[in-house]
Amino acid sequence: MYAVLDAGRVGHLAIADGRQPYALPVAYARDGERVLLHGSTGSRLFRHLAAGAPACLTVTLLDGLVLARSAFASSMNYRCAMVLGELSVVDGDDRLAALERLSEHLLPGRWAAIRPPSAKELAATLVLALPLDECSVKVSDGPPDDPDDDLDRPVWAGVVPVVETLGTPQPDPRLRHDLPPPEW
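Fair warning: this is a prediction, and the values are worked out from it, not measured in the lab.

Parameters at a glance
Residues numbered from 1 in each chain as written. Predicted model: local features only at pLDDT ≥ 70, side-chain atom pairs only at ≥ 80, totals over all residues. Heavy atoms only, no water. Helix = DSSP H or I, 4+ residues; strand = E, 2+ residues; numbered from the N terminus. Rg over C-alpha atoms; globule rule 2.2 N^0.38 Å. Buried < 20%, exposed > 50% of the residue type's maximum accessible area, 1.4 Å probe, protein only. Contact = heavy atoms within 4.5 Å. Areas by Shrake-Rupley, 256 points an atom, 1.4 Å probe, with all protein chains shown as cover. Lys, Arg positive; Asp, Glu negative; His and termini not counted. Charge placed at Lys NZ, Arg CZ, Asp CG, Glu CD. Phe/Tyr/Trp six-rings, centres within 6.5 Å; stacked < 30°, edge-to-face > 60°. Lys NZ or Arg CZ within 6 Å of the ring centre and 35° of its normal. Salt bridge = Lys/Arg side-chain N within 4 Å of Asp/Glu carboxyl O. Patch = residues over 30% accessible without salt bridge, like charges linked within 9 Å, V, L, I, M, F, W, Y side chains within 5 Å. Pairing = 2+ DSSP bridges. Core = buried A, V, L, I, M, F, W, Y, C linked by side-chain atoms within 4.5 Å.

## Observations concerning the overall build of the protein chain
- Per the secondary structure count, the protein chain includes four helices and nine strands.
- For the protein chain, the sequential pattern of α-helices and β-strands runs α-β-β-β-α-β-β-β-α-α-β-β-β.
- For 184 residues, the compact-globule estimate of 2.2 N^0.38 gives 16 Å, and the C-alpha radius of gyration of the protein chain, at 21 Å, exceeds that figure by more than 25%.
- Every one of the 184 residues in the protein chain was classed for burial, and the buried ones make up 30%.
- The contacts in the protein chain between residues at least 6 apart in sequence include a share of 71% that link residues at least 24 apart.
- Accessible area for the protein chain stands at about 11,800 Å²; split by element, carbon and sulfur atoms hold 56% of it.
- Here the protein chain contributes 17 positively and 25 negatively charged side chains, and the mean placements of these two sets differ by 10 Å.

As structure tokens, then:
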């Protein structure tokens, strides 16, 4: 569970508001036995969650495309974590520490280089914590599992790995200092 949550950067946070389900992508960070999330105080989703609505956070890491000799046996290799529960509001000094944890999870070392949030920005930001009390992990890996009668088909079969990498940093056109990009 920890390994999947620590390796991912984007989760999908889902709630049901009346009869309508919603799922939105969110940045997150694991902090011990909880997952931290942040959003706008004006966000309907985050206000609903802060009021105690049950939620589901799902993080999926795609590791490969499993190409079998048939469409039916083709699949994906992945690692997925699902966390269920009610979120609580993070306040006080813990809130700033949570925002730092989120920043450091996305790009380690960045918090020390950037301006900390202003009072106005903090007032507009809601930080929530989801405890890791109810969770599950699913992992799918390995080669195709073709039936024996498909093994003689003249079709390539195997796994095409999928790897997430950070690309070449693109400087802001308004960058006023001649600075090299950070190395991540």
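## Comments concerning the packing of aromatic side chains
- According to the stated counting rule, one finds zero aromatic pairs in the structure shown.
- Directly above the ring of Y2 sits R30, whose terminal nitrogen or CZ lies 3.9 Å from the centroid.

## Section: the pattern of salt bridges
- Using the criterion set out here, one finds 10 salt bridges in the structure.
- We note a salt bridge from R34 to D94, for which the minimum N-O separation is 3.3 Å. Of this pair, R34 sits in strand β3 (residues 34–40) while D94 sits in helix α3 (residues 92–106), and the two are 60 residues apart along the sequence.
- The shortest N-O distance in the salt bridge between R174 and D172 comes to 4.0 Å.

## Observations concerning the environment of L122
- Relative to the elements of secondary structure, L122 occurs in helix α4 (residues 119–123).
- Take L122: its relative accessible area is 19%, and that puts it in the buried class.
- Measuring from C-alpha to C-alpha, the distance between L122 and E33 comes to 24 Å, with 89 residues separating the pair along the chain.
- Those residues in contact with L122, other than ones at most four positions away along the chain, are R95, L96, L99 and P117.

## Brief notes about a nonpolar patch on the surface
- Taken together, the side chains of L62, L65, L67, M76, W156, V160 and V162 present a nonpolar region at the surface, about 580 Å² in accessible area.
- Here the element with the most residues in the nonpolar patch is strand β4 (residues 54–67); it accounts for three residues.
- With respect to the helices and strands, L67 occurs in strand β4.
- Exposure remark for L67: the relative accessible area of 33% places this residue in the partly exposed category.

## Observations regarding the side chain of S103
- Assignment of secondary structure puts S103 in helix α3.
- What makes S103 buried here is its relative accessible area of 15%.
- Apart from residues lying up to four places away in sequence, S103 is in contact with R110, W111 and I114.

## Topic: the pairing of strand β2 (residues 20–31)
- The sheet contact formed by strand β1 (residues 10–17) and β2 spans eight bridges and is antiparallel. When the bridges of β2 are listed, A14 appears paired with A23.
- Connecting β1 to the next strand, β2, in antiparallel fashion are two residues, including G18 with a positive phi near 70°.
- Pairing between β2 and β3: four bridges, direction antiparallel.

## What to know about the nonpolar core
- In terms of nonpolar packing, the biggest core is built from 22 residues, with L13, V35, L37, L49 and L57 touching the most fellow members.
- The set of elements that each furnish at least two residues to this core consists of α1 (2–7), β1, β2, β3, α2 (44–50), β4, β5 (75–86) and β7 (125–131).
- If you tally residues by element for this core, the top one is β4, at four residues.
- If we skip the residues at most four places from it in the chain, L13 touches Y22, A23, L24, V26, L37, L45, L49, A55, C56 and L57.
- One finds L36, L99, V127 and A129 within the second-largest nonpolar core, a separate group that totals 10 residues.

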